Amino acid sequence: MSEPVHKFAHDAMATTFELFLATEDETYAASTAQQAWTLLDSLEDKLSRFRPHSDISILNRLESGESVRLSIEAFDCLKLAFEISTQTGGAFDVSLATVMDQIRNDKGEVQFADPDVLDAAFAEKRKGLYLLSVEDLTVYCQQAGAGIDLGGIGKGYALDQMADYLEDWELPRALLHSGGSTVLALDPPQGAEGWKVGFGEETGREPVWMAREAMSGSGKAMKGAHVLDPRSARPAGTETRTWARAPSAALADALSTAFMVLSPEEVDAYCREHPGVTAYL
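Every value quoted in this text rests on a predicted model; they were computed, and no experiment measured them.

Draft legend 1. Seen up close, the environment of Arg205. Structurally, the position occupied by Arg205 is in the loop between β8 (195-197) and β9 (208-210). The residues contacting Arg205, other than those within four sequence positions of it, are Phe199, Trp243, Tyr280 and Leu281. At a separation of 2.9 Å, a polar atom in the side chain of Arg205 contacts the main-chain carbonyl oxygen of Leu281.

Listed below in structure tokens is the structure:
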């Protein structure tokens, strides 16, 4: 008989996170899950640009020539985001905050503006330049104009951090997800070949079994036509829904957005260069 799996949920980052912990000790699982939620809340306080005193909000208020030292977590997430941006040729971009503010209505809903407005917003954004110093975790604003929004990678990064915490406390048989959009599978329950992860019945895709990997989905059908191509300053017009399967949740989270923007040929080339990554278009 397989061991029991205990489910815990917590609201953060504008969605509901869930933990599935496989263990006989439900009391220990509940206590550890509660500490994981505390960690999640602290990460949101550092990563969310909508929290006035977060690291990212402070960064976004920098004027040209100013700098700020970030927390380890905020710096690590930002550095990873910049690295993925380079890998994808700019298809993934976390410096679109000022652009997104231009195309949201009063309710916060994304409503794309006309091309002239988008061009003007991107022209201002492209003036901005941040330089990162790994030695002292400092970000220097060489020129203001851009704004950082870690929404395309922050949830995945949080899942990775919580997974590390669970392993430190000897609960490695776990599945974590952020609102169902990004899933991180650790070791499966005893006797199982993996955690069963689905794509949604409407897709017609068969579920997959996962262990020690992550998968994330992004798409117009799930969130509306919300994905901008940072390279063209226009809404992404290729796929309606994409998934990325990768070694970490942060990478899968970012790539599912990038794959919405990249052509199928570009996605294929990326996966060939990164053997641990699989795309579903």
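Draft legend 2. A look at the packing of aromatic side chains. Enumeration according to the criterion identifies 4 aromatic pairs in this entry. Taken together, a centroid distance of 5.2 Å and an interplanar angle of 85° make the contact between Phe199 and Trp243 edge-to-face. Taken as a pair, Phe199 in the loop between β8 and β9 and Trp243 in strand β13 (residues 241-246) lie far apart in primary sequence, 44 residues in all. According to the relative accessible area criterion, Trp243 is buried, its value standing at 8%. Stacked on the ring of Phe199, the Lys or Arg Arg205 has its end atom at 5.7 Å from the ring centre.

Draft legend 3. Fine view of the sheet that holds strand β2 (residues 15-22). In spatial order, the strands read β1-β2-β6-β7-β10-β13-β14; together these 7 strands make up an open sheet with antiparallel pairing. Looking along the sheet, the strands with just one partner apiece sit at the ends: β1 (5-12) and β14 (278-280). Strand-to-strand twist in this sheet, taken as the mean axis angle between neighbours without regard to direction, amounts to 15°. Of the pairings in the sheet, the one linking strand β6 (residues 174-178) to strand β7 (residues 182-185) comprises 4 bridges and is antiparallel in character. What sits directly across from Leu175, in β7, is Ala185.

Draft legend 4. Representation of the packing of helix α8 (residues 249-261) against helix α9 (residues 264-273). Where α8 contacts α9, the axes come no closer than 10 Å and their chain directions differ by 155°. Between α8 and α9, the angle is such that the two are roughly antiparallel. Across from Leu251, Leu255 and Phe259 in α8, the residues of α9 making contact are Val267, Tyr270 and Cys271. Within the contact of α8 with α9, the residues separate by chemical class into 6 nonpolar, no polar and no charged.

Calculation notes
- Residues numbered from 1 in each chain as written.
- Predicted model: local features only at pLDDT ≥ 70, side-chain atom pairs only at ≥ 80, totals over all residues.
- Heavy atoms only, no water.
- Helix = DSSP H or I, 4+ residues; strand = E, 2+ residues; numbered from the N terminus.
- Contact = heavy atoms within 4.5 Å.
- Polar contact = N/O pair within 3.5 Å; in protein donor to acceptor, adjacent residues only side chain to side chain.
- Phe/Tyr/Trp six-rings, centres within 6.5 Å; stacked < 30°, edge-to-face > 60°.
- Buried < 20%, exposed > 50% of the residue type's maximum accessible area, 1.4 Å probe, protein only.
- Lys NZ or Arg CZ within 6 Å of the ring centre and 35° of its normal.
- Pairing = 2+ DSSP bridges.
- Axes fitted to C-alpha atoms, helices over the stretch in contact; angles between N-to-C directions.
- Parallel < 35°, antiparallel > 145°, perpendicular 65-115°, else oblique.
- Nonpolar A, V, L, I, M, F, W, Y, C, P; charged D, E, K, R; others polar.

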